[in-house]
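Per-entry structural report
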Amino acid sequence: MNEENINLIRKAFKDYREIIGETPEETRKVEDGIYPGGYVYTTADDEFIDLEIQMRDYDIEDHVNYIEFAEALYEKHGKKVNIYVYCDPSIKINIKLYEIMSEADFKIRLAQVQKNSMIQRMKAKMKK
């Protein structure tokens, strides 16, 4: 399990629930044509956490992708989906947050962090 991601979930999103592991590919896979999610974990209380590292400005296209993924994963398993979108301060958020009408049980949360933080280290690792 990626400890940096787990620490990020805890620090940026204040989610201290026990994470039992990465969600297996066959469990997290949804229909073709739907965004496949980022780093997906299963919690001890039987929910999913999808950690997204936003590397470009956050717009309606990204938002719709995350909604579709959350709805598809919920429909497949009937378990709550938590989408956590982690953004560098340089990332612009180009949408207004609003209530989403859906039968699926999910939430989307955004967090931005200070420069020279964990996101900078993660970006550097991704470049390697």
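Reference entry: report on the structure contained in this document. (Residues numbered from 1 in each chain as written. Predicted model: local features only at pLDDT ≥ 70, side-chain atom pairs only at ≥ 80, totals over all residues. Heavy atoms only, no water.)

Together, Ile-60, Val-64 and Tyr-98 make up an exposed nonpolar region whose accessible area comes to about 260 Å². Along the chain, Ile-60 falls in helix α3 (residues 60-77). (Patch = residues over 30% accessible without salt bridge, like charges linked within 9 Å, V, L, I, M, F, W, Y side chains within 5 Å. Areas by Shrake-Rupley, 256 points an atom, 1.4 Å probe, with all protein chains shown as cover. Salt bridge = Lys/Arg side-chain N within 4 Å of Asp/Glu carboxyl O. Helix = DSSP H or I, 4+ residues; strand = E, 2+ residues; numbered from the N terminus.)

A separate point is the packing of aromatic side chains. A complete count under the given rule lists five aromatic pairs for this structure. Geometrically, the ring pair formed by Phe-13 and Tyr-84 is stacked, given 4.5 Å between the ring centres and 10° between the ring planes. Of this pair, Phe-13 sits in helix α1 (residues 3-13) while Tyr-84 is found in strand β4 (residues 81-87), placing the two residues 71 residues apart along the sequence. As far as burial versus exposure is concerned, Phe-13 and Tyr-84 are alike and both buried. Judged by centre distance (5.6 Å) and plane angle (65°), the ring pair of Tyr-35 and Tyr-66 falls under edge-to-face. (Phe/Tyr/Trp six-rings, centres within 6.5 Å; stacked < 30°, edge-to-face > 60°. Buried < 20%, exposed > 50% of the residue type's maximum accessible area, 1.4 Å probe, protein only.)

Moving on to the nonpolar core. Membership of the largest hydrophobic core comes to 19 residues, with the highest contact counts inside it found for Val-30, Phe-69, Leu-73, Val-81, Ile-83, Val-85 and Phe-106. Mapped onto this core, the elements with two or more residues apiece are α3 and β4. Sort the elements by how many residues they give to this core and α3 lands first, with six residues. When residues no more than four places from it in sequence are discounted, the contact partners of Leu-73 are Thr-27, Arg-28, Val-30, Phe-48, Gly-78 and Val-81. (Core = buried A, V, L, I, M, F, W, Y, C linked by side-chain atoms within 4.5 Å. Contact = heavy atoms within 4.5 Å.)

Turning our attention to the pairing of strand β3 (residues 48-54). By the criterion of burial, β3 is predominantly enclosed, with seven of the seven residues buried. Here β3 shows no split at all, with Phe-48, Asp-50, Glu-52 and Gln-54 on one side and Ile-49, Leu-51 and Ile-53 on the other all buried. Looking at chain direction, strand β2 (residues 39-43) and β3 are connected through four bridges and run antiparallel. Looking across to β3, one finds that Tyr-39 is bridged to Leu-51. Summarising the sheet, β3 and β4 pair through seven bridges and their orientation is parallel. Along β4, the bridge assignment pairs Glu-52 with Val-85. After leaving β3, the chain enters α3 and then returns to the sheet as β4, a path that is right-handed. (Pairing = 2+ DSSP bridges. Right-handed = clockwise from strand over helix to strand, strands pointing away.)

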